[in-house]
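Take a look at the letters that make up each chain.
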Protein chains: 2
Amino acid sequence: MAAELGYVVSRTASTLASGRTLTVALITPFPGRWFFAQAIAAVESELRRNGYDALLVGLAQPADGHREVFEPETLRGRADAVVVLTVPLTGHELDGLRRLGLPTVFVGASVAGAMSVRIDDVAVGRTATEHLLQLGHTRIAHVGGDPNELLNFTARADRRAGWMAALRHSGIEPDPAYDVSGMFTAEGGRAAGERLLSLPDPPTAVFAGSDEMAYGVLAAARDRSLRVPEDLSVVGVDGHDLADLVGLTTVEQPVDRQGALAAQLALAAAGGQQARHQEHVVMPVRLVLRRTAATLGS
Amino acid sequence: MAAELGYVVSRTASTLASGRTLTVALITPFPGRWFFAQAIAAVESELRRNGYDALLVGLAQPADGHREVFEPETLRGRADAVVVLTVPLTGHELDGLRRLGLPTVFVGASVAGAMSVRIDDVAVGRTATEHLLQLGHTRIAHVGGDPNELLNFTARADRRAGWMAALRHSGIEPDPAYDVSGMFTAEGGRAAGERLLSLPDPPTAVFAGSDEMAYGVLAAARDRSLRVPEDLSVVGVDGHDLADLVGLTTVEQPVDRQGALAAQLALAAAGGQQARHQEHVVMPVRLVLRRTAATLGS
DNA sequence: CTGTTAGCGCTTTCAC
DNA sequence: GTGAAAGCGCTAACAG
C-alpha cells in the first residue's frame, strides 16, 4: 500500500525462496558479429517485454582453435531456461543442462531433446544455387565458413549440401575446386574469392554462405577488375544490414523473428509448459533479388 | 572436500547474504548495431574473465521518438555496478543510480559524477576534416546522425564541432547547406549523401560521423556515377569491420579497448575502490588512410 | 480466505 | 584461530 513510494521486490530473495530466477541465459559466441548481435537484440527485447532478464554468456573461441567449454553447473539456480545461439554444444554440455532441468532452445540448428528455431539451410543452398542455374550459370562455386570452426554447427554443411543437390539435380557434378572454405567473415570471403578467381577455369557465379562472405567475394572480384554481375554473379545468405546498399542478391532469413520466437519458447518452458518442450520450428527464407546476380554477360 | 563432485555455490544465496551480486548491468540501446555489438562483446568478455556476469538491459527506442525510460530501482540488489553504452541518461535516472549506490561508468561520453571511457570526438571531427583540407579540399560537408535521436549523446555534436573548428581554422566558414543529418545508419548516410550531391554546388569531400553513414554516402556517389576518390572524397569514423574491404579512409576508435576498460573500472568500483570513482579516460583515435580520400581529380 | 511460520543456502558476526 | 547462530527478504506451506 504505502509501499508505493519506491518499493521493488528483491529478485534475489524471491529467487532464493521460490527457485524461480526470472532470468534466461543467452549463450552465444561472437556477440559482436552481425547475426549474433541481431539475435541477441531480439531475444533480449522479447525477454524484457515479459519481465525476464537476459544473462549474456559469451563463449570465446581463441584464434588457435577450440572454443571455451561451457559449464552448465555455472547456471545452477541462475536461470530458468537457456537460449543457445548457433553453438554446437557437446553431449556433455547438453547433459549438464538436462541434469539441471533447464529447458533449452537452440537457434540455428535443431538438436534432439531440446527445442529449436531455425531455417532450412539445405533449402537455402538450393534456393541460391537454383537461382544461379536459372540465370544460365553452370560453373557455380560455393564459399563456406571454416569447417573447423566448431561454432558453425550444421548451417555450413547444410547450405553446402543444398548447393550440391541443386547442381546434381541439373546434371552438374560439383567440382571440388569450386568448393572453398574460409572464415565466416568478409575477409574469409575475400580470400576464398581470390582463390576461386585465380583458378585456370574460374566460376562465373558464387554462392556465399553468408552476406559478409559475399562482400568479400565482391571485393575479390573488384580487385581483379571483374564486373558484377556481368562477369561474376554472387548470391549471399542472411539479409545483412548493408545488403541493400551493396545491391547484394541474397537469401534472407528472419533473424529477429527467430530470436523473438526462441525467447518465447524459452519463456513458455520456463513457465512449466511441458507441451512445447520438444518444439522444433523452421522459419521460411526468401530470395531477395538485387543487382549482384544476372545472366552471364548481361 | 568431497564436494568436488559437482558443487557450485549458489550465487543467489550468497548474494542475499552478502549483498554482492557479482553482476554488472550493461545498459545499451540497439544491441544489434555494430558499435554497440562490439562494445557489448568486449564488456561481457572482460566481466566473465573476472567471474562477473553481464546483465543485458536493452533500452528500446521506438521509431516514433523517445526512448524507453530506464528504471534504476529495477536494478536494486541485482547489480554491483552499471556500464552505460552511449545512452544519455536523464538526471532522474542518474540520481536513481546514485541513490542505489551503484557505481556507473559511461562509454562514449563523460558525465559529471560518474566514470567514463570515451574518445575525443571534437578531435575526431578535426582530424578527419584536416585530412581533407590537406588534400586540397575546401568544399567539405558533414553528415551527422539525427540530432533528435536522444541516443546520440554528445558524439554527434562534438564531431560536428571539430569539423567546424577545422574549417574555420583554415579560414573557411562552414556552409549550413553542407551540414546534414540523417539516421546514424547506412541508409541515413545515403539519404544525406543524395541531398548533398544534388546541391547546385555540391561538396567535393564528405566527413561522415560514422563508417556506416560513410558507406551510405559512397552508395549515393555510386548512384550518381561519381568516382571515389576522384570526384568525391569520403572519410568516416569507427573502424567498422568492412571499412578495410571497402577501402574506407576513417578515423578509427578502439571500441574493444573502451569496452574492456569500462568493464575494469566497473569491477574496480564494485570492489569498493573509491579512488577510481571519478575516473575519466579518453582514448586515442587514429586516422587510417585507405582509398576513399584523395586530392581532387587525382 | 487471511495470518503465521519455516525455511531457501549462503555470509558474517559473535562466542568459545 | 574454529564453530555455532543469526539473519539476508522473500515464498509457500500450514494453521486458524
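Residues numbered from 1 in each chain as written. Chains lettered and ligands numbered in written order. Predicted model: local features only at pLDDT ≥ 70, side-chain atom pairs only at ≥ 80, totals over all residues. Heavy atoms only, no water.

A. Representation of the overall build of chain A in the model. On a plain count of helices and strands, chain A comes out with nine helices and 12 strands. Principal-axis analysis of the C-alpha atoms places the extent of chain A at approximately 75 × 40 × 35 Å. Per-residue burial over chain A gives 58% buried out of 298 residues. Restricting to contacts in chain A with at least 6 residues of sequence separation, those with at least 24 account for 73%. The centroid of the 27 positive side-chain charges in chain A is displaced by 2 Å from the centroid of its 34 negative side-chain charges. (Helix = DSSP H or I, 4+ residues; strand = E, 2+ residues; numbered from the N terminus. Buried < 20%, exposed > 50% of the residue type's maximum accessible area, 1.4 Å probe, protein only. Contact = heavy atoms within 4.5 Å. Lys, Arg positive; Asp, Glu negative; His and termini not counted. Charge placed at Lys NZ, Arg CZ, Asp CG, Glu CD.)

B. Region of interest: the protein's contact with DNA strand C. Around DNA strand C, a shell composed of Leu16(A), Ala17(A), Tyr7(B), Ser10(B), Ala13(B), Ser14(B), Ala17(B), Ser18(B) and Arg20(B) is seen. Per the 4 Å cut-off to the protein, sugar and phosphate atoms form 76% of the nearby atoms of DNA strand C. A distance of 3.5 Å is found between a base oxygen of DNA strand C and a backbone nitrogen or oxygen belonging to Leu16(A). Taking Ala17(A), its main chain carries an N or O atom lying 3.3 Å from a base oxygen of DNA strand C. (Near = heavy atom within 4 Å. Polar contact = N/O pair within 3.5 Å; in protein donor to acceptor, adjacent residues only side chain to side chain.)

C. Region of the structure containing the pairing of strand β9 (residues 233–238) of chain A. Residues and elements named next belong to chain A. Counting buried positions along β9 gives six out of six residues, so the element sits mostly inside the fold. The alternating pattern of β9 places Ser233, Val235 and Val237 on one face and Val234, Gly236 and Asp238 on the opposite face, and all of these are buried. Where strand β8 (residues 205–208) meets β9, three bridges bridge the pair, whose relative direction is parallel. Its bridge partner lying in β9, Ala205 is registered against Ser233. Considered for its hand, the β-α-β crossover made up of β8, helix α7 (residues 211–223) and β9 is right-handed. As defined by bridge partners, β9 adjoins strand β10 (residues 249–252) across four bridges and the pair is classed as parallel. Within β10, the residue paired with Val235 across the bridge is Thr249. (Pairing = 2+ DSSP bridges. Right-handed = clockwise from strand over helix to strand, strands pointing away.)

D. Highlighting the relation of the copies chain A and chain B. Placing chain A over chain B gives an RMSD of 0.1 Å and needs a rotation angle of 180°, together with 0.0 Å of translation along the axis. This pairing of chains is accounted for by a two-fold axis. Across chain A, the rotation axis passes nearest the C-alpha of Leu55(A), at a separation of 2.5 Å. When you check the interface residues of chain A against chain B, 100% turn up at the interface there too, and the contact is symmetric in its surfaces. (Least-squares fit on C-alpha atoms with pLDDT ≥ 70 in both.)

E. Structural view of the sheet that holds strand β5 (residues 115–119) of chain A. If you trace the 12 strands from one edge of the open sheet to the other, you get β11(A)-β5(A)-β4(A)-β3(A)-β1(A)-β2(A)-β2(B)-β1(B)-β3(B)-β4(B)-β5(B)-β11(B), paired in mixed fashion. Whereas interior strands pair on both sides, the edge strands pair on one side only; in this sheet they are β11 (280–283) of chain A together with β11 (280–283) of chain B. When strand polarity is set aside, the average angle formed by the axes of neighbouring strands in this sheet is 20°. Summarising the sheet, strand β4 (residues 104–107) of chain A and β5(A) pair through three bridges and their orientation is parallel. Looking across to β5(A), one finds that Val105(A) is bridged to Met115(A). Across the sheet, helix α9 (residues 255–270) of chain B touches β1 (23–28), β3 (81–85), β4 (104–107), β5 (115–119) and β11 of chain B, and the angle it forms with β5(B) is around 170°. (Axes fitted to C-alpha atoms, helices over the stretch in contact; angles between N-to-C directions.)

F. The sheet that holds strand β7 (residues 179–182) of chain A, seen in detail. Residue and element names in this part refer to chain A. Overall, mixed pairing links the six strands, which are arranged β7-β6-β8-β9-β10-β12 in an open sheet. Sheet topology places β7 and β12 (286–288) at the edges, where each strand pairs with a single neighbour. In this sheet, neighbouring strand axes are inclined to one another by 20° on average, regardless of whether the strands run parallel or antiparallel. In the packing of helix α5 (residues 155–169) onto the sheet, the strands contacted are β6 (140–145), β7, β8 and β9, and the crossing angle to β6 comes to about 170°. On the sheet, α7 packs against β6, β7, β8, β9 and β10 and is oriented at approximately 160° with respect to β9.

G. How the structure looks around unusual backbone geometry. At the junction of Val228(A) and Pro229(A), the peptide bond is cis and its omega measures out at 10° in the coordinates. Examined against the element boundaries, Pro229(A) turns out to sit in the loop between α7 and β9. Even without being a glycine, Phe30(A) presents a positive backbone phi close to 40°. For Phe30(A), the location among the structural elements is in the loop between β1 (23–28) and α2 (34–49). Even without being glycine, Ser225(B) reaches a positive phi, approximately 60°.

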